[in-house]
Amino acid sequence: VAFLIDGAVLAAFGVLLAMPGYTGIRAGMMAVGHTSPIEFDEALATSFIAAWFAMATVYFTILHRTYGQTIGKSVLGLRVHTIDLGEVGYLRAFLRTVCYAASSSFFGFGFILVALTPRKRGWHDFIAGTCVVRLAADEAAS
């Protein structure tokens, strides 16, 4: 659920960032005399997708390192720690984020493991040496 909340946050930011990007490209095309509408071609789509993935990587890495939680995890009272309950460093946070791709493969089985394993760890957690813990009510409120 936290991942879905984070996805919605990233989608909102993605749209807000894509609109001025598209407008800037359109203005540039008009400045050089290209007056017809811009076709949303493969190169433009690839650029926007790459920018979205970069934004998502920064979002997850920085928030997991700095706060131990993303907006979605904060809403649900969850925090990411190392397996020995220490703070997550930048390298581990980045590795965990990159490993979301592994968790997404095979029909999302790496995320499904969260529901199936006793400590609620996905492939990204196993690879990065992390776990997600539920905060006590007083910790979650602060």
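Position numbers for residues count from 1 along each chain, tracking the sequence in the order it is written. Per-residue local features are limited, in this predicted model, to residues with pLDDT of at least 70; the limit for side-chain atom pairs, both in listing and counting, is 80 or more; totals at the level of whole chains, interfaces and linings are taken over all residues. Working from all heavy atoms in the structure, the side-chain values ignore hydrogens and water.

Peer 1: Can you lay out the packing of aromatic side chains for me, pointing to particular residues and giving the numbers?
Peer 2: Note on ring pairs: Phe, Tyr and Trp rings are taken, using the six-membered ring of Trp, and paired if centres are within 6.5 Å. Classes follow the plane angle, with under 30 degrees stacked, over 60 edge-to-face and the rest tilted. Using the criterion set out here, one finds nine aromatic pairs in the structure. Relative to Phe60, the ring of Tyr59 has its centre 5.1 Å away and its plane inclined at 85 degrees; by these criteria the two rings are edge-to-face. With a relative accessible area of 11%, Tyr59 lands in the buried category. In this scheme, a residue with accessible area under 20% of its type's maximum is buried, one over 50% is exposed, and one in between is partly exposed, where area comes from a 1.4 Å probe on protein chains only. Residue Phe60 is classed as buried on the basis of its relative accessible area, which comes to 5%. Charge-over-ring placement is defined geometrically: NZ (Lys) or CZ (Arg) within 6 Å of the ring centre, and within 35 degrees of the ring normal. The side chain of Arg65 reaches across the aromatic face of Tyr90, ending 5.3 Å from its centre. Geometry around Phe126 places Arg121 over its ring, the cationic atom sitting 4.3 Å from the centre.

Peer 1: Account for the nonpolar core, naming residues and giving values.
Peer 2: Throughout, nonpolar core names a set of buried Ala, Val, Leu, Ile, Met, Phe, Trp, Tyr and Cys residues whose side chains join them through atoms within 4.5 Å. Ranked by size, the top nonpolar core spans eight residues in total: Val9, Leu10, Met55, Ala56, Tyr59, Phe60, Leu63 and Tyr100. Each helix is a run of H or I in the DSSP string that is no shorter than four residues. Each strand is a run of E no shorter than two, and both are numbered from the N terminus. Within the residue set of this core, elements represented by two or more residues are α1 (2-31) and α2 (42-66). Element by element, the count of residues in this core is highest for α2, at five residues. We call two residues contacting when some pair of their heavy atoms lies within 4.5 Å. If we skip the residues at most four places from it in the chain, Phe60 touches Phe3, Asp6, Leu10, Thr70, Thr97 and Tyr100.

Peer 1: Can you explain the side chain of Thr70? Please cite residues and give values.
Peer 2: For Thr70, the position within the fold is in the loop between α2 and α3 (71-76). Other than its neighbours up to four places away in sequence, Thr70 contacts Asp6, Tyr59, Phe60, Leu63 and His64.

Peer 1: So what about α2? Which residues, and what values?
Peer 2: Here α2 contains 25 residues, and its C-alpha end-to-end distance of 36 Å stays within 8% of the 36 Å for a straight helix at 1.5 Å per residue. Every buried residue belonging to α2 is among Leu44, Met55, Ala56, Tyr59, Phe60, Thr61, Leu63 and His64, and all of these are buried. If you follow the buried residues of α2, they end up packed against α1, α3, β1 (78-82), α4 (90-98) and α5 (100-116). The span expected for a helix works out to 1.5 Å for each residue beyond the first.

Peer 1: Quick rundown of the pattern of salt bridges? Include the residues and the values.
Peer 2: A pair is scored as a salt bridge if a Lys or Arg side-chain nitrogen falls within 4 Å of a carboxyl oxygen belonging to Asp or Glu. Inspection of every chain in the model, using the stated rule, returns two salt bridges. For Glu87, the salt bridge is made with Arg65, and the minimal N-O distance between the two is 3.5 Å. Of this pair, Glu87 sits in the loop between β1 and α4 while Arg65 sits in helix α2, placing them 22 residues apart in sequence. The partner of Arg96 in a salt bridge is Asp125, and the shortest N-O contact between them spans 2.9 Å. A residue pair is termed long-range when its members are at least 10 positions apart, and Arg96 in helix α4 and Asp125 in helix α6 (residues 123-128) qualify at 29 residues.

Peer 1: So what about α5? Which residues, and what values?
Peer 2: Here α5 spans only 17 Å end to end across 17 residues, well under the 24 Å set by a 1.5 Å rise per residue. The angle between axes fitted to the seven-residue stretch ending at a residue and the seven-residue stretch beginning at it gives the bend at that residue. Considering bend angle alone, the principal kink of α5 is centred on Phe106 and spans about 125 degrees. Among the residues making up α5, those that are buried are Tyr100, Ser103, Gly108, Gly110 and Leu113. Buried-residue contacts for α5 involve α1, α2, α3, α4 and α6.

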